[in-house]
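Read off the chains here:
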Amino acid sequence: MQPIISVSNLSKTYATGFRALKNINLDINRGEIFALLGPNGAGKTTLIGIICGIVNPSEGKVTADGHDIIRDYRQARSRIGLVPQELTTDAFETVWATVSFSRGLFGKKADPAYVEKILRDLSLWDKKDSKLITLSGGMKRRVMIAKALSHEPQILFLDEPTAGVDVELRRDMWEVVRSLRDTGVTIILTTHYIEEAEEMADRVGVISHGEIILVEDKAELMRKLGRKQLRLQLLNPLDAVPASLGTYGMELADGGRELVYTYDTAGERTGITSLLQDLNESGIRFKDLQTHQSSLEEIFVSLVRKQP
Ligand SMILES: Nc1ncnc2c1ncn2[C@@H]1O[C@H](COP(=O)(O)OP(=O)(O)OP(=O)(O)O)[C@@H](O)[C@H]1O
């Protein structure tokens, strides 16, 4: 299937000479939740800005639902809804008026039934006549999503949807985003929070210093996350892993004082029981042991650290 968004060889150099994006290539699949994960200043907002036509690219090409974002700007833009970090609407407007107004900005005919559907989907229906200023933080964020959906886009960008919100509200937002995906909208969210990417995304892209350094299925990341290490501190140091233990693919560490066995917690059998038996039969004694699981956080930190 053709990707809903296709970014090829995209670069951005700001007027200051700063290169915020370096040759980005990225496809977003129809119907997925894609998390763009990266530290402050990595280029997330710049990338979204270009796709949404707010920032001019320096080089490269972007299409949204097959439409070139520059040559065919209006068609491309009509496919996209953008939820910014801050609510910029008149605080004294009602929910109903502000969402209906946003739809009008895209030249769409009024459609009260559609606006009602969005407000109901986002549990905002009983607030439709409330002024924005009277709403809680969570409700305001929902209004921003409703505004972004008002012109019936197929693609929704959420820029840091849960920045600065408490844990409960964050869970609430995740629920909302999932239910939107179930209605067929493709969702791209940016986040600093690894937990958020882990919780929400079908795929995760990591951006650092203007480069995409990893794009992976969440399931694949979880497989990596599922890897654990068993570290055994030996009573007597070894020069080499004995041939009789060759099938375990172990490594020596700490100058031969430690044996390290890596296994997959997602697998049916970890092999630990037989390993301990075989160690015993080989006469290898240990004085202590620990297990260690690498988190997405560690994978992320090591990926970002490798960058110049
Ligand atoms: N108009 C501009 N002129 C010059 N440099 C800019 C401009 N806008 C952004 N930058 C720089 O480009 C880099 C990427 O910024 P961007 O806002 O895209 O990052 P980000 O990943 O969205 O960060 P954050 O998570 O803090 O929003 C930063 O170093 C920023 O200072």
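In this report, the structure presented in the accompanying data block is examined. (Residues numbered from 1 in each chain as written. Predicted model: local features only at pLDDT ≥ 70, side-chain atom pairs only at ≥ 80, totals over all residues.)

**A short note on unusual backbone geometry**
Positioned with a positive phi, S123 is a non-glycine residue whose angle comes to about 55°. Looking at the element boundaries, S123 is found in the loop between α4 (112–121) and α5 (137–149). (Helix = DSSP H or I, 4+ residues; strand = E, 2+ residues; numbered from the N terminus.)

**Description of the sheet that holds strand β10 (residues 211–217)**
Spatially, six strands are ordered β6-β7-β8-β3-β9-β10 in an open sheet, and the strand pairing comes out mixed. Bordering the open sheet on either side are β6 (80–83) and β10, each of which pairs with just one other strand. Across the sheet, the mean angle separating the axes of adjacent strands is 15° when strand polarity is ignored. Relative to strand β8 (residues 186–191), strand β3 (residues 33–37) runs parallel, the two sharing five bridges. (Pairing = 2+ DSSP bridges. Axes fitted to C-alpha atoms, helices over the stretch in contact; angles between N-to-C directions.)

**Points about helix α6 (residues 167–182)**
The terminal C-alpha atoms of α6, which comprises 16 residues, lie 23 Å apart, in line with the 22 Å expected from a rise of 1.5 Å per residue. Taken together, the buried positions of α6 are occupied by M173, V177 and L180. Each buried residue of α6 sits inside an arc of 55° when the element is viewed along its axis, so together they form one side. Exposed side of α6, more than 90 degrees from the buried face: V167, E168, E175 and D182 are the residues found there. (Expected span 1.5 Å × (residues − 1). Buried ≥ 20, exposed ≤ 12 C-beta atoms within 10 Å, placed from the backbone. Arc of directions from axis to C-beta.)

**What about the environment of L158?**
Among the structural elements, L158 can be located in strand β7 (residues 155–159). On the basis of neighbour count, L158 is assigned to the buried category, with 28 C-beta atoms found within 10 Å. Note: C-alpha distance between L158 and R227 (69 residues apart in sequence) is 31 Å. Other than its neighbours up to four places away in sequence, L158 contacts V83, V177, I187 and L189. (Contact = placed C-beta atoms within 7 Å.)

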